[in-house]
Amino acid sequence: GHGHPGVTALCGMAFLAGGHTPGRGPFGAHVQRTLDYIIGCVQEDGLIRDSGTRMYSHAFATLFLAELHGMVPGDRTKKALEDAVRWIVDNQNALGAWRYNPFTTQADLSVTVCQLQALRAARNIGIRVPKATIDSAVKYVMKSRDRQGLFYYKIAGRGAWRKNRQYAINSAGLTALLSAGIYDRELQDPVLRWLGGEYADVADYYGTHFYYWYGNYYASQAFFQAGDAWFKPYYT
């Protein structure tokens, strides 16, 4: 009987990608309701939550607010966005990263990339994001790489999992670097080659599993930003 801010935000961004904004387009009313719901979920401390949702949802909701505010600026949206960004910044831990819940010393790459994307989108439209926050997060992402340039899911803390042959995590890791403004081909190419080689197996084995969709949510962004030489083979 409750909404889910993360899923709602992702759906809202799909409408935004189609050019629908509050008061504009056949689905403008849907976007307006999405905005009203997301803002209604912003708590006094800036956390966006409904029914116990966690940092994933907060990041996707923040990303939605940033994308919408970049298209249709508004004081109400800006205030909610600034509060949400401040929450992300304040909850970055000593590792330079984030985990499922706020105020934790734990961290993983999957949650961290969500926060980085939200911060990047906010910064792109003029919301203040401390440079130290981004720098610290980038250090964590870089520490999550192995000698071949692939990414580990979790490198420190309880249950640290150093297995790095994961399509979704490597897609997310590469997108994290891109979200931080790092476009070094020497860092990108090993991951892109590995993802390209793994796609068929992932599609066959996980084709109906959320691993496939989660992995390609990030892989599509990574391949697209890498340019046509990488994106066209992936897309086809």
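About the criteria used
Residues numbered from 1 in each chain as written. Predicted model: local features only at pLDDT ≥ 70, side-chain atom pairs only at ≥ 80, totals over all residues. Heavy atoms only, no water. 1 Å grid on protein atoms, 1.4 Å probe; cavity = no way out; pocket = protein on both sides within 12 Å on 5 of 7 lines; lining within 4 Å. Points joined across faces, edges and corners; volume = space filled by probe spheres on them. Helix = DSSP H or I, 4+ residues; strand = E, 2+ residues; numbered from the N terminus. Nonpolar A, V, L, I, M, F, W, Y, C, P; charged D, E, K, R; others polar. Salt bridge = Lys/Arg side-chain N within 4 Å of Asp/Glu carboxyl O. Buried < 20%, exposed > 50% of the residue type's maximum accessible area, 1.4 Å probe, protein only. Axes fitted to C-alpha atoms, helices over the stretch in contact; angles between N-to-C directions. Left-handed = near helix turned anticlockwise from the far one by under 90°. Contact = heavy atoms within 4.5 Å. Phe/Tyr/Trp six-rings, centres within 6.5 Å; stacked < 30°, edge-to-face > 60°.

1. A closer look at the layout of surface pockets
Okay, step 1: What the largest pocket holds in volume is close to 530 Å³.
Okay, step 2: If you go around the largest pocket, you meet 19 residues; those closest to its centre are Tyr 56, Ser 110, Phe 210, Tyr 211 and Tyr 214.
Okay, step 3: Listing elements by their share of the lining of the largest pocket, those giving two or more residues are helix H1 (5-17), helix H3 (55-71), helix H7 (167-179) and helix H9 (210-226).
Okay, step 4: Residues belonging to the lining of the largest pocket are distributed by class as follows: 14 nonpolar, 5 polar and no charged.

2. Some words on the pattern of salt bridges
Okay, step 1: On inspection of all chains with the given rule, the structure shows 6 salt bridges.
Okay, step 2: Across the pair Asp 36 and Arg 76 runs a salt bridge whose closest N-O atoms are separated by 3.0 Å. Taken as a pair, Asp 36 in helix H2 (residues 28-40) and Arg 76 in helix H4 (residues 75-90) lie far apart in primary sequence, 40 residues in all.
Okay, step 3: According to the relative accessible area criterion, Asp 36 is partly exposed, its value standing at 33%.
Okay, step 4: For Arg 86, the salt bridge is made with Asp 83, and the minimal N-O distance between the two is 3.1 Å. With a gap of 3 residues between them, Arg 86 and Asp 83 both fall in helix H4, about one helical turn apart.
Okay, step 5: Overall, the relative accessible area of 9% leaves Asp 83 in the buried class.
Okay, step 6: Through salt bridges with shared partners, a single network forms among Lys 79, Asp 83 and Arg 86.

3. Digging into the packing of H7 against H9
Okay, step 1: Orientation of H7 relative to H9, taken along the N-to-C sense of each, is 35 degrees, at an axis distance of 8 Å. Read as a crossing pair, H7 and H9 show a hand that is left-handed. Residue-level inspection shows Tyr 167, Ala 168, Ser 171, Ala 172, Leu 174, Thr 175 and Leu 178 of H7 in contact with H9, the latter providing Tyr 211, Tyr 214, Gly 215, Asn 216, Tyr 218, Ala 219, Gln 221, Ala 222 and Gln 225.
Okay, step 2: Tallied by class, the residues present in the contact of H7 with H9 amount to 10 nonpolar, 6 polar and no charged.

4. Regarding the packing of aromatic side chains
Okay, step 1: Within the structure shown, the criterion is met by 17 aromatic pairs.
Okay, step 2: Taking 5.3 Å as the distance between ring centres and 35 degrees as the angle between the ring planes, the aromatic pair formed by Phe 15 and Phe 27 counts as tilted. Here Phe 15 is found in helix H1, whereas its partner Phe 27 is found in the loop between H1 and H2, with 12 residues between them in sequence.
Okay, step 3: Residue Phe 27 is classed as partly exposed on the basis of its relative accessible area, which comes to 36%.
Okay, step 4: Pairing Phe 223 with Tyr 234 gives two aromatic rings, centres 4.6 Å apart and planes at 15 degrees, and the pair type is stacked.

These results come straight from atomic positions and should not be treated as a statement about function.
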